[in-house]
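Remarks on the overall topology
Each chain is listed here by its residues.
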Amino acid sequence: GPRRYQHLCKQFPALIKLFSCAKINNGDGLAMIKKPNPQFYADYLAHCNPFHKDIVFVDNEKANITAACKFNIIGIHFTSPEYLELQLKAQLDIM
């Protein structure tokens, strides 16, 4: 949620700056669309990617990565900051 994202921003500012948009679930109600519901990804694309640029989706749940990939989103399974850095370098040549 938002508190965890703020923590990540403080802990990994250089990494966070690589991303132009973030969608943060804050768990504020039953009507909230959650991953891996396909509507979650469709809404994200409409909000954060109107020009259909490459998107990197980082999540700690494999099911969410699988769902994101169905929308042609690059998925990285988060297991540690170090692994994420390796994947970003390998797949996107960033960092």
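Parameters and conventions
- Residues numbered from 1 in each chain as written.
- Predicted model: local features only at pLDDT ≥ 70, side-chain atom pairs only at ≥ 80, totals over all residues.
- Heavy atoms only, no water.
- 1 Å grid on protein atoms, 1.4 Å probe; cavity = no way out; pocket = protein on both sides within 12 Å on 5 of 7 lines; lining within 4 Å.
- Points joined across faces, edges and corners; volume = space filled by probe spheres on them.
- Helix = DSSP H or I, 4+ residues; strand = E, 2+ residues; numbered from the N terminus.
- Expected span 1.5 Å × (residues − 1).
- Buried < 20%, exposed > 50% of the residue type's maximum accessible area, 1.4 Å probe, protein only.
- Arc of directions from axis to C-beta.
- Contact = heavy atoms within 4.5 Å.
- Salt bridge = Lys/Arg side-chain N within 4 Å of Asp/Glu carboxyl O.

A few words now on the layout of surface pockets. A volume near 1,400 Å³ is recorded for the largest pocket. As for the largest pocket, its lining consists of 39 residues, and the residues nearest its centre are Y5, A22, K23, I24 and V58. Looking at the lining of the largest pocket, the elements that each hand over two or more residues are α1 (2-11), α2 (13-16), α3 (38-48), β1 (56-59) and α5 (81-92).

Counting along an α-helix, one turn takes 3.6 residues, and residues three or four places apart therefore face a common direction. The terminal C-alpha atoms of α5 lie 16 Å apart, and with twelve residues this matches the ideal 16 Å at 1.5 Å per residue to within 8%. Inspection of α5 places L84, Q87 and L88 among the buried residues, and these make up the whole buried set. The arc that holds the buried residues of α5, viewed along the axis, is 100°, so those residues lie on one side. Exposed positions of α5 whose direction lies more than 90 degrees from the buried face are E82, L86 and A90. Those residues of α5 that are buried are in contact with α2, β1 and β2 (74-77). Downstream of α5 by a residue or two, D93 has a phi angle that is positive, lying close to 55°.

Another aspect to go through is the pattern of salt bridges. The full count for this structure, using the stated rule, is two salt bridges. Notably, a salt bridge pairs K35 with D59, separated by 2.6 Å at the nearest N-O pair. On the criterion of sequence distance, the pair formed by K35 in the loop between α2 and α3 and D59 in strand β1 is long-range, its members being 24 residues apart. K35 sits in the partly exposed class, given a relative accessible area of 28%. D59 gets classed as buried once you look at its relative accessible area, which sits at 6%. Measuring nitrogen to oxygen at the nearest pair gives 3.3 Å for the salt bridge that ties E85 to K89. One end of the pair is E85 and the other is K89, both in helix α5 and four residues apart, which spans about a single turn. Residue E85 is classed as partly exposed on the basis of its relative accessible area, which comes to 33%.

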